[in-house]
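Each chain, written out:
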Amino acid sequence: MRLATWNINSIRTRVARAVDFAVREDIDVLALQEIKCKPEQFPYAPFEEAGYHVEAHGLNQWNGVAIASRLPMTDVRTSFEGQPGFAKGHEGPDAPLEARALGAMVDGVRVWSLYVPNGRSLGDEHYVYKLHWLEALRTATAAELAAVPALPLALVGDFNIIPFDHDNGDPAIVQGFSTHVSPPERDAFFALESAGVKDVVRPLIPEGFTYWDYQRLKFPRNEGIRIDFVLGSPTFADAVTGASIHRDERKGEQPSDHVPVVVDLDLGGAEDDDDLPMIFA
């Protein structure tokens, strides 16, 4: 299986680029974030013509997530257990959920396409929401893996966190003044490892950015940041055979400000052993 994640920054604007990339790179499963449309507005036809089925979750012109797959998808979920909601000035458990998570089982793999809240600024309500959202994700992931320890599970998408200083090439992002690099955000990212998932791309690609702001020549100057990740459970991580960051997708006409991150998986073998469930690698 070849799995990719890409914050597409409006699928209706960039559908041709998304489909072209998926076909050209032989992607089996493409997780998309920031689709910026409702399901009924999603441009399904180009994906379907290319052999992909799409599950989309969006509520308005903001946020939104989707998964396009050449393989059957089952057990589709539009939120994870305990996912908090948000509305400015609205606190409590009944705050409306945003379209930031979409999960599906694909060929025995649980894939979550995630668009983590930005945080906006260190003093903003959205920053507190971001930390609550990440803690709920950690708890839900831990519970899912506790129920099925050998489950190949992947949390993929735009995490809006720069885990290490060398992931930050943007001089405008400064610890103490900016989101994405604050200790609480980094701690929340690293806490996901305690839930049973880890970055499966970094061991193979220790350097490279996944996002460059459109302004101030950030891309030509390579003043980017690394905020798009594939975090996998032990069974998923053991199946990873390769990874790539597709920097060139930031070039050309109307690019997204993010680029795709791809991992290759070898999940074979289990189906040849009648004594093992097919989710084992």
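See the structure shown above.
Residues numbered from 1 in each chain as written. Predicted model: local features only at pLDDT ≥ 70, side-chain atom pairs only at ≥ 80, totals over all residues. Heavy atoms only, no water.

## Overview of the overall build of the protein
Line of reasoning, step 1. Scanning the protein from N- to C-terminus turns up 5 helices and 12 strands.
Line of reasoning, step 2. In terms of overall dimensions, the protein is globule-like: its C-alpha atoms have a radius of gyration of 18 Å, near the 19 Å expected for 281 residues.
Line of reasoning, step 3. Its C-alpha atoms give the protein principal-axis dimensions of roughly 55 × 40 × 40 Å.
Line of reasoning, step 4. For the protein, with 281 residues in total, the buried portion stands at 56%.
Line of reasoning, step 5. Restricting to contacts in the protein with at least 6 residues of sequence separation, those with at least 24 account for 71%.
Line of reasoning, step 6. Within the structure as shown, the protein displays about 12,100 Å² of accessible surface, and the carbon and sulfur contribution to it stands at 51%. (Helix = DSSP H or I, 4+ residues; strand = E, 2+ residues; numbered from the N terminus. Rg over C-alpha atoms; globule rule 2.2 N^0.38 Å. Buried < 20%, exposed > 50% of the residue type's maximum accessible area, 1.4 Å probe, protein only. Contact = heavy atoms within 4.5 Å. Areas by Shrake-Rupley, 256 points an atom, 1.4 Å probe, with all protein chains shown as cover.)

## Some details on helix α4 (residues 183-191)
Line of reasoning, step 1. Considered for burial, the residues of α4 that qualify are E185, R186, A188 and F189. Buried residues of α4, seen end-on, are gathered within an arc of 155° and therefore sit on one face of the element.
Line of reasoning, step 2. Check the buried side of α4 and you find it contacts α3 (125-147) and β10 (228-232). (Arc of directions from axis to C-beta.)

## Some words on the packing of aromatic side chains
Geometrically, a pair of aromatic rings is defined through the distance of the ring centres and the angle of the planes.
Line of reasoning, step 1. Under the counting rule described, the total for this entry stands at 13 aromatic pairs.
Line of reasoning, step 2. Relative to Y44, the ring of F42 has its centre 5.1 Å away and its plane inclined at 45°; by these criteria the two rings are tilted.
Line of reasoning, step 3. Owing to a relative accessible area of 24%, Y44 belongs among the partly exposed residues under this scheme.
Line of reasoning, step 4. Aromatic ring contacts, followed pair by pair, group F159, F164, F189, F190 and F229 into a single cluster. (Phe/Tyr/Trp six-rings, centres within 6.5 Å; stacked < 30°, edge-to-face > 60°.)

## A closer look at helix α1 (residues 11-24)
Line of reasoning, step 1. At R17, α1 shows its largest bend, some 35°.
Line of reasoning, step 2. For α1, the complete set of buried residues consists of I11, R14, V15, R17, A18, V19, F21 and A22.
Line of reasoning, step 3. Taken from the residues just after α1, D26 is the one with a positive phi, measuring 55°. (Bend = angle between axes of the 7 residues up to and from the residue.)

## Things to note about the sheet that holds strand β8 (residues 153-158)
Strand pairing in a sheet relies on backbone hydrogen bonds. The paired strands run either parallel or antiparallel.
Line of reasoning, step 1. If you trace the 6 strands from one edge of the open sheet to the other, you get β5-β6-β7-β8-β10-β9, paired in mixed fashion. Two strands in the sheet have a free side with no partner beyond their single neighbour: β5 (73-77) and β9 (198-199).
Line of reasoning, step 2. Where strand β6 (residues 101-106) lies against strand β7 (residues 109-115), 6 bridges are found, and the strand directions are antiparallel. Directly across from A101, in β7, lies its bridge partner L114. (Pairing = 2+ DSSP bridges.)

## Focus: the environment of R226
Line of reasoning, step 1. In this structure, R226 sits in the loop between β9 and β10.
Line of reasoning, step 2. Here the alpha-carbon distance between R226 and A31, two residues 195 residues apart in the chain, equals 17 Å.
Line of reasoning, step 3. Of note is the side chain of R226, whose polar atom sits 3.1 Å from the backbone oxygen of I205. (Polar contact = N/O pair within 3.5 Å; in protein donor to acceptor, adjacent residues only side chain to side chain.)

## Regarding the packing of α3 against α4
Line of reasoning, step 1. In the contact formed by α3 and α4, the axes pass within 9 Å of each other and the chain directions differ by 15°. In terms of orientation, α3 and α4 fall into the roughly parallel class. In this structure, the crossing between α3 and α4 has a hand that is left-handed. On α4, the residues that touch Y127, K130, L131, L134 and R138 of α3 are P184, E185, A188 and A191.
Line of reasoning, step 2. By residue class, the composition of the contact of α3 with α4 is 6 nonpolar, no polar and 3 charged. (Axes fitted to C-alpha atoms, helices over the stretch in contact; angles between N-to-C directions. Parallel < 35°, antiparallel > 145°, perpendicular 65-115°, else oblique. Left-handed = near helix turned anticlockwise from the far one by under 90°. Nonpolar A, V, L, I, M, F, W, Y, C, P; charged D, E, K, R; others polar.)

## With respect to the nonpolar core
Line of reasoning, step 1. Ranked by internal contacts, the top residues of the largest apolar core, which has 32 residues, are L3, V200, V230 and F236.
Line of reasoning, step 2. At the level of elements, β2 (29-33), β4 (65-69), β6, β7, β8, α5 (234-239), β11 (240-245) and β12 (261-265) are the ones that each hand at least two residues to this core.
Line of reasoning, step 3. Ignoring sequence-local partners within four residues, the contact set of L3 consists of V29, V111, A154, V156, F236, V261, V262 and V263. (Core = buried A, V, L, I, M, F, W, Y, C linked by side-chain atoms within 4.5 Å.)

## Digging into the environment of T141
Line of reasoning, step 1. Note that T141 resides in helix α3.
Line of reasoning, step 2. Since its relative accessible area comes to 2%, T141 is described here as buried.
Line of reasoning, step 3. Spatially, the C-alpha atoms of T141 and V111 are 11 Å apart, while their sequence positions differ by 30 residues.
Line of reasoning, step 4. Leaving out residues up to four positions away in the same chain, T141 has contacts with L153, L155, A195 and V197.

## Some details on the sheet that holds β11
Line of reasoning, step 1. Within the open sheet, the 6 strands sit side by side as β3-β4-β2-β1-β12-β11. Their pairing is mixed. Looking at strand neighbours, the two that pair on one side only are β3 (53-57) and β11, the edges of this open sheet. Between one strand and the next, the sheet's axes are offset by a mean angle of 15°, whatever the strand orientation.
Line of reasoning, step 2. When strand β1 (residues 2-7) meets β2, the two strands line up parallel, connected through 5 bridges. Looking at β2, one finds that T5 is bridged to A31.
Line of reasoning, step 3. The strands that α1 touches are β1, β2 and β12; relative to β1, the one it contacts most, it runs at about 155°.

Everything listed here is a matter of geometry and, on its own, says nothing about what the molecule does.
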